[in-house]
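Each chain, letter by letter, is given below.
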Amino acid sequence: SSPWAPQGPHVVVERALVDTGSSDLELRPSLLARLPRLPIVASGAVYETSLGGEAYDAFEVLLTVNGRTCAAVVTCTDECSSDDALIGHMALGALGLCVDCPARRLMPWEALPAATRPLACAAAAALHRGPPRAVGPVQCASIRAWEAWAAETHQLDFAGGGGGGTT
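The rules behind each value
- Residues numbered from 1 in each chain as written.
- Predicted model: local features only at pLDDT ≥ 70, side-chain atom pairs only at ≥ 80, totals over all residues.
- Heavy atoms only, no water.
- pLDDT = per-residue confidence, 0-100.
- Contact = heavy atoms within 4.5 Å.
- Salt bridge = Lys/Arg side-chain N within 4 Å of Asp/Glu carboxyl O.
- Helix = DSSP H or I, 4+ residues; strand = E, 2+ residues; numbered from the N terminus.
- Buried < 20%, exposed > 50% of the residue type's maximum accessible area, 1.4 Å probe, protein only.
- Core = buried A, V, L, I, M, F, W, Y, C linked by side-chain atoms within 4.5 Å.
- Pairing = 2+ DSSP bridges.

## Side note on the confidence of the model for the chain
- Looking at the chain as a whole, its pLDDT mean stands at 74, while 68% of the residues score no less than 70.
- Below pLDDT 50 for its whole length, residues 131-146 participates in 21 contacts with residues either more than four positions away or in separate chains.
- Counting interchain partners and residues more than four positions distant, the pLDDT-below-50 stretch residues 153-167 has 17 contacts.

## Considerations on the pattern of salt bridges
- Under the criterion given, the structure shown has 4 salt bridges.
- Taking the shortest distance from any N to any O, the salt bridge between R28 and E79 comes out at 3.7 Å. Remark: E79 occurs in the loop between β5 (68-76) and β6 (85-87) and R28 occurs in the loop between β2 (25-27) and α1 (29-32); sequence separation between them is 51 residues.
- Of the residues examined, E79 reaches a relative accessible area of 39% and is grouped as partly exposed.
- Among the ionic pairs, R68 bridges to E110, the shortest N-O distance being 2.3 Å. In this pair, R68 sits in strand β5 while E110 sits in the loop between β8 (105-108) and α3 (119-127), placing the two residues 42 residues apart along the sequence.
- Its relative accessible area of 14% is what places R68 among the buried residues.
- Classification of E110 by relative accessible area gives partly exposed; the value is 34%.
- Residues joined in a network through salt bridges with shared partners are R28, E79 and D84.

## Description of the nonpolar core
- Formed by 22 residues in total, the largest nonpolar core has its most connected members in L25 and L63.
- Every element with two or more residues in this core is listed here: β2, α1, β4 (52-65), β5, β6 and α2 (89-95).
- In this structure L63 touches L25, R68, T69, C70, I87, A91 and L95, once residues within four positions along its chain are discounted.

## Observations regarding the pairing of strand β7 (residues 97-100)
- Across 4 bridges, the pairing between β7 and β8 is antiparallel. Bridging across to β8, L97 finds its partner in P108.
- Where β7 hands over to β8, the hairpin turn is made up of 4 residues, of which R104 adopts a positive phi near 55°.

Encoded structure:
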């Protein structure tokens, strides 16, 4: 849905390709056209594709997957694409979801066993307690919020004293 009309018209995609090598979302033109006016994030943004750099307009949408909602960047794919939609890693991170490859599903980070859950997963899980909230620019939402959480909870040593993180 559009951030300007979150309760307004929306598109439901039953099955989407999850591509952790892609950053943003992609949606077929016929589906994107069914949404109301969207905020423009970038006009003519150059994305690297298998054919080289190509310019696209990028828009902000509200994406809901498994009951979790985030703001995400979407571009328009070709109508002949084999998938109605593609979900990239920035949206997955903002939603607090990870890929369970053997089961072919998405699952909340907090559902992972604690021993296998990296610090970033715990931070993302903390972000998803309560209603969705905007944190800075769309493409920086998850990392900036994670850094703030890690600094507040002293999970990272930003002074360079060996806290396990990077500055």
